[in-house]
Each structure stands twice: as structure tokens, then as C-alpha cells.
Amino acid sequence: MQLHETRLRPSKLLARAALAAAFILPVAACNQPKERDYLKEAAAIHNQIVTIDQHLDIPFDYGSEGREVTMDGPTQFDLPKAERGIIKGANVALFVPQGPRTPEGVEEARRKIEQKYEILTSIAENHPDRVAIAYSPEDLKRIQSEGRFAIVLSILNGYPIGTDLSQIDAWYEKGVRIFGFTHANHNDLADSSRPNLLLGQKLAEHGGLSELGKQAVAKLNDLGILIDVSQISGEALAQVLELSRAPVIATHSNARAIIDHPRNLSDEQLEAIKNKGGVVAINAYSSWVRPLPPEAKEKANEVRRKYGVPTEENIAAAQPLTEEGVKVLSPEDFAAYYDEIHVVTGDPAYRASLSEYVDQIDYVVKKIGIDHVGISSDFNHGGGVIGWNDVGESLNVTAELLRRGYTQEDIAKLWGGNFLRVWEQAQALAAK
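The text that follows walks through the structure, step by step, so that each part is easy to find. Only a predicted model underlies this, so the values are computations on that prediction, with no experimental measurement involved.

1. Side note on the nonpolar core
Part 1 of the reasoning: In this structure, Phe181, Tyr357, Ile361 and Trp388 are the most contacted members of the largest nonpolar core, which totals 90 residues.
Part 2 of the reasoning: Of all the elements, helix 4 (residues 103-126) adds the most residues to this core, at 8 residues.
Part 3 of the reasoning: Judged by nonpolar contacts, the second largest core, of 17 residues, contains Ile143, Ala246, Phe419 and Ala426.

See the structure below:
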């Protein structure tokens with residue numbers, strides 16, 4: 001039998017190829033890896049670990065109509081937002097800004113700090129099924145395991161203490177478990193990293209800690225109160241690390257290598273905190289996360305020139321960085337200058353992104369290790385970056401960490417594990 005070779009026209013060959021592809025391509029597509037759902041993974045992780053924002057604030061009108069903790073309201077922290085972001089606790093600051101260091105000024109500051117204390121304790125009293133105050137790491141873990149939000153009371157700025165160290169004992173009895181010496185401006189305990197040179201302060205008043213401040217370190221250690229070293233001067237930080245027998249925390253600080261300002265921590269300071277066994281919680285305040293672009297720096301320097309304030313290359317705050325060429329402004333001129341400079345530095349067009357915030361975490365983790373880094377928002381006091389605008393968006397932080405290769409174990413340390421460790425050590429080392 002003679003075999004005949006069958007030949008197909010080119011058009012039929014193309015048709016058969018197309019038919020084969022119709023069966024082959026869907027199979028190949030099924031074998032393609034699916035894109036990871038990082039937010040879903042983040043939610044699963046948050047449901048399994050301790051999560052605590054390591055520094056946020058509340059305004060003085062918190063709890064008033066429209067600002068109740070149970071409402072998804074205009075502030076950056078409330079219970080509905082915390083539930084959405086699966087944040088189960090926060091170190092909440094009893095913050096009072098610096099005022100006159102007079103008996104009258106200190107008395108007014110004490111009235112204001114009591115006001116914030118009453119707001120926070122009333123939240124726990126009025127909603128015991130949803131909120132509780134945590135007085136120890138064990139408390140915090142128990143409260144979170146019960147499905148309730150854990151509040152850790154923190155004092156930021158020792159100004160209301162005045163010169164009376166018995167106030168520290170009194171605040172311990174009220175439940176305060178974290179204490180930061182200063183905010184902007186020096187007080188009777190320590191020098192700040194941001195003294196108000198434009199109203200007549202000097203770069204250093206005490207050379208770090210005052211003698212009273214040094215006594216305060218010992219008292220805080222004896223009570224098991226965790227010392228917060230954010231905001232204090234470099235000299236004060238070095239002295240706290242030398243004097244304290246317990247590790248410390250910087251509840252809201254960033255890397256000076258990224259923004260060169262004394263408010264941020266140098267590589268040497270980061271290493272010193274690590275060597276003390278401490279933790280640096282990275283702050284989401286945009287001005288400390290990434291430098292302003294050149295156009296914003298020029299706008300800020302125009303404001304400085306207008307008021308006779310020395311211009312600077314790396315602008316992150318209103319105050320000059322040196323005393324050279326500084327003239328003291330009247331309170332009225334300073335208030336006007338302060339408002340105008342913050343129109344620039346607070347312009348939404350110049351806000352840092354979530355990616356830039358996590359860049360800060362990356363930098364500090366690489367410098368001192370995953371065991372010494374934490375996460376803090378500074379919400380309700382200027383904190384927030386694009387992508388992490390309030391507590392409700394906290395899963396975005398974890399999703400970005402996952403994208404960069406952080407493991408669940410790493411994330412558990414950042415969101416609370418490292419903080420709990422140093423708090424446990426501070427309490428264990430307290431005088432019995």
C-alpha cells in the first residue's frame with residue numbers, strides 16, 4: 001500500500017495551534033503563583049500576637065460629645081479604629097506641654113494632667129467589658145486575651161512633677177508605668193533635645209540631668225517604672241543609661257542618620273540603648289520620618305528670615321539648632337512664627353509615606369537588631385503618615401513589613417514583644 005503524506009494548508013495549521021493553545025493556556029495560568037494578600041496575612045498575625053502602639057496621645061477634649069472612645073470619630077484613636085486595625089493596646093501619654101516653671105505654672109500643669117488621667121480612667125470604668133488599665137506585662141497579656149483593649153498609663157514631660165519627687169510615687173499609685181523626663185523645653189529634671197532658644201533658653205541648662213533628675217532615675221528604678229528616653233538631650237540620655245539599673249525605652253524616636261536633628265537618635269545612641277537591653281520604638285511623626293524636599297526647606301527658611309531666625313539646611317522643627325545668631329523673640333512674635341513655620345512643615349503635600357516610615361524601621365533594625373525595635377504612632381499629637389493615618393490603618397504597617405520579608409516572629413517583637421520584655425525587666429529589677 002502506498003502511503004500518502006497528508007499536507008495541511010497554513011490556515012488549518014494556525015487553526016489547530018489556536019485550538020491547542022485554548023486548552024494549554026488555562027492550565028499554565030492555574031500554575032502561576034497567586035499574588036499574596038498581605039493585608040489578610042497581617043490580620044491573621046495581629047489576631048495571634050500582642051499588639052500595642054507604644055506611644056499615642058489623647059486631646060484634652062477627648063470623650064466629649066462626638067469624641068467618645070466608642071465612636072469612630074475625628075480623632076486618630078478610638079475603639080472602633082483599634083478593632084479595625086487589630087491593635088489591642090496602647091501606651092497612652094498623660095502629656096501636658098511645658099509652661100512657666102513657677103508654683104502657679106506647675107499647679108496648672110498638675111490640674112491638666114489630672115484632667116487627662118480622669119478621661120482615661122473613666123473610659124475603663126465606663127466600659128469595663130471593652131477596656132482596662134494594665135499595671136504589669138501580665139495584666140496587659142491577660143486583658144488582651146480577654147478581648148479587651150489594654151491602656152498603659154505614661155507620663156511624657158516631667159514638668160508637672162516640679163521639684164517634688166513624691167509626685168512620682170503618687171503617680172505610680174495611680175497606675176503610671178512609663179515616665180519620660182521632658183518634651184520640648186528644659187524642665188527641673190532634665191534638658192530637652194529641643195530647648196526653646198527663641199524664648200531665651202540655652203542649649204543646656206543642667207548639662208543633661210539635674211541633680212533632682214538623677215534622683216528621679218533611682219526612684220523610677222525602685223518603683224519599676226520604665227524610663228522613656230525620647231525627647232531628652234544627648235547628655236541626659238547618656239546619664240540615664242549610666243545611672244539606670246534597668247533597660248529603657250525610647251517610645252517615639254527615629255534615626256538621626258536619616259534626619260540630622262538632636263530629637264532623633266544617632267547611631268551611637270541607638271547602640272547604647274541596645275547595649276542597655278532597651279528598645280527604640282520608631283515614631284510615625286512625618287517631620288521626623290523623612291527630610292523635607294528642597295522647596296519646603298526654602299519656604300521654611302523664608303519664614304525664618306522674616307522673623308530673624310537663623311536659616312538651616314535640614315529643617316525638621318521650629319527651633320534653631322545652635323545659639324549662634326539667635327535673637328530672643330517676644331511671646332507674640334514667637335507665636336506667629338511658630339504658626340507660620342508649621343504651616344510649611346505640616347503641609348499635607350510634604351507628608352512622609354508608609355514606605356518611608358518602614359524605611360526608618362529597616363534602618364534601626366539593621367543597626368541594632370530586631371530585638372531592640374518597636375512601633376509607635378504618636379497619634380493625636382502630630383503623628384501619622386500616608387497609609388497609616390490612624391489606628392484603624394495599622395494593618396498597613398504589618399503588610400508593608402511582610403512585603404519586605406519580616407516574619408511573624410519579627411512582627412510580634414516589633415508590635416509588642418520587645419516592649420513587654422523591657423517592661424518585665426524594669427519591674428523585676430525594682431526594689432522589693
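2. What about the pattern of salt bridges?
Part 1 of the reasoning: In total, this model carries 29 salt bridges according to the counting rule given.
Part 2 of the reasoning: A salt bridge links Arg130 to Glu83; the shortest N-O distance between them is 2.7 Å. Here Arg130 is found in the loop between helix 4 and strand 3 (131-133), whereas its partner Glu83 is found in helix 3 (residues 79-85), with 47 residues between them in sequence.
Part 3 of the reasoning: The class of Arg130 is partly exposed, set by a relative accessible area of 26%.
Part 4 of the reasoning: Between Glu298 and Arg305 there is a salt bridge, with the nearest N and O atoms lying 2.5 Å from each other.
Part 5 of the reasoning: Given a relative accessible area of 37%, Glu298 falls into the partly exposed group.

3. Some details on the environment of Leu243
Part 1 of the reasoning: Turning to its location among the elements, Leu243 is positioned in helix 8 (residues 234-243).
Part 2 of the reasoning: Owing to a relative accessible area of 41%, Leu243 belongs among the partly exposed residues under this scheme.
Part 3 of the reasoning: Distance in space between the C-alpha atoms of Leu243 and Lys214 is 7.5 Å, their sequence separation being 29 residues.
Part 4 of the reasoning: For Leu243, the contacting residues outside a window of four places in its chain are Leu209, Lys214, Val217 and Asn221.

4. Here's the deal with the environment of Arg110
Part 1 of the reasoning: Secondary-structure assignment places Arg110 in helix 4.
Part 2 of the reasoning: Expressed as a C-alpha distance, the spacing of Arg110 and Tyr159, which sit 49 residues apart in the sequence, is 8.8 Å.
Part 3 of the reasoning: Setting aside chain neighbours within four positions, we find Arg110 in contact with Pro160, Ile161, Gly162, Asp164 and Gln167.

5. Regarding unusual backbone geometry
Part 1 of the reasoning: Of note, Ile86 is a non-glycine position whose phi angle comes to about 50 degrees, a positive value.
Part 2 of the reasoning: Here Ile86 shows up in the loop between helix 3 and strand 2 (89-93).
Part 3 of the reasoning: For Asn185, which is not glycine, the phi dihedral falls at a positive 90 degrees.

6. Focus on helix 15 (residues 408-428)
Part 1 of the reasoning: Bending of helix 15 peaks at approximately 60 degrees at the position of Leu414.
Part 2 of the reasoning: Turning to helix 15, its buried residues are Asp410, Ile411, Leu414, Trp415, Gly416, Asn418, Phe419, Leu420, Val422, Trp423 and Ala426.

7. Things to note about the pairing of strand 8 (residues 279-283)
Part 1 of the reasoning: Counting buried positions over the 5 residues of strand 8 gives 5, a clear majority of the element.
Part 2 of the reasoning: Of the two faces of strand 8, the one carrying Val279, Ala281 and Asn283 and the one carrying Val280 and Ile282 are both buried.
Part 3 of the reasoning: Pairing geometry for strand 7 (residues 249-253) and strand 8, over 3 bridges, is parallel. Pairing of Ser253 across the sheet is with Ile282, part of strand 8.
Part 4 of the reasoning: By the bridge criterion, 4 bridges tie strand 8 to strand 9 (residues 373-376) in an arrangement that is parallel. Each residue of the ladder has a partner; that of Asn283, found in strand 9, is Ser376.

8. Some details on the pairing of strand 1 (residues 53-56)
Part 1 of the reasoning: Where strand 1 lies against strand 2, 2 bridges are found, and the strand directions are parallel. Opposite Leu56, over in strand 2, you have Val92 as the bridge partner.
Part 2 of the reasoning: Crossover strand 1 to strand 2 through helix 3 is right-handed.

9. Topic: the packing of helix 11 (residues 294-306) against helix 12 (residues 331-345)
Part 1 of the reasoning: Two elements in contact, helix 11 and helix 12, have axes separated by 9 Å at closest approach and are oriented at 170 degrees. The angle between the axes of helix 11 and helix 12 places the two elements in the roughly antiparallel class. Side by side, helix 11 and helix 12 meet where Ala296, Lys299, Ala300, Val303, Arg304 and Lys306 of the first sit next to Tyr337, Glu340, Ile341 and Val344 of the second.
Part 2 of the reasoning: Looking at side-chain class alone, the contact of helix 11 with helix 12 contains 6 nonpolar, no polar and 4 charged residues.

10. Notes on helix 9 (residues 267-275)
Part 1 of the reasoning: Taken as a whole, helix 9 has its buried residues at Gln269, Leu270 and Ile273. One side of helix 9 holds all its buried residues, which, seen down the axis, span an arc of 105 degrees. Opposite its buried face, helix 9 presents the exposed residues Glu268 and Asn275, each directed more than 90 degrees away.
Part 2 of the reasoning: The inward-facing, buried residues of helix 9 abut helix 8, strand 8 and helix 13 (354-368).
Part 3 of the reasoning: Downstream of helix 9 by a residue or two, Gly277 has a phi angle that is positive, lying close to 90 degrees.

11. Overview of the side chain of Asn380
Part 1 of the reasoning: Among the secondary structure elements, Asn380 is positioned in the loop between strand 9 and helix 14 (394-403).
Part 2 of the reasoning: Residue classification places Asn380 among the buried positions, given a relative accessible area of 19%.
Part 3 of the reasoning: At a separation of 2.9 Å, a polar atom in the side chain of Asn380 contacts the main-chain carbonyl oxygen of Asp57.
Part 4 of the reasoning: When residues no more than four places from it in sequence are discounted, the contact partners of Asn380 are Asp57, Ile58, Pro59, Thr75, Gln76 and Phe77.

12. Digging into the packing of aromatic side chains
Part 1 of the reasoning: One pass over the full model with this rule turns up 11 aromatic pairs.
Part 2 of the reasoning: With 5.6 Å between their ring centres and 90 degrees between their planes, Phe179 and Phe181 make a pair best called edge-to-face.
Part 3 of the reasoning: Classification of Phe181 as buried rests on a relative accessible area of 0%.
Part 4 of the reasoning: An aromatic cluster is defined as three or more aromatic residues linked by ring pairs; in this entry it consists of Tyr307, Phe334, Tyr337 and Tyr338.
Part 5 of the reasoning: Above the face of the Tyr172 ring, Arg177 is positioned so that its terminal group lies 3.9 Å from the ring centre.

About the cut-offs
- Residues numbered from 1 in each chain as written.
- Predicted model: local features only at pLDDT ≥ 70, side-chain atom pairs only at ≥ 80, totals over all residues.
- Heavy atoms only, no water.
- Core = buried A, V, L, I, M, F, W, Y, C linked by side-chain atoms within 4.5 Å.
- Buried < 20%, exposed > 50% of the residue type's maximum accessible area, 1.4 Å probe, protein only.
- Helix = DSSP H or I, 4+ residues; strand = E, 2+ residues; numbered from the N terminus.
- Salt bridge = Lys/Arg side-chain N within 4 Å of Asp/Glu carboxyl O.
- Contact = heavy atoms within 4.5 Å.
- Bend = angle between axes of the 7 residues up to and from the residue.
- Pairing = 2+ DSSP bridges.
- Right-handed = clockwise from strand over helix to strand, strands pointing away.
- Axes fitted to C-alpha atoms, helices over the stretch in contact; angles between N-to-C directions.
- Parallel < 35°, antiparallel > 145°, perpendicular 65-115°, else oblique.
- Nonpolar A, V, L, I, M, F, W, Y, C, P; charged D, E, K, R; others polar.
- Arc of directions from axis to C-beta.
- Polar contact = N/O pair within 3.5 Å; in protein donor to acceptor, adjacent residues only side chain to side chain.
- Phe/Tyr/Trp six-rings, centres within 6.5 Å; stacked < 30°, edge-to-face > 60°.
- Lys NZ or Arg CZ within 6 Å of the ring centre and 35° of its normal.

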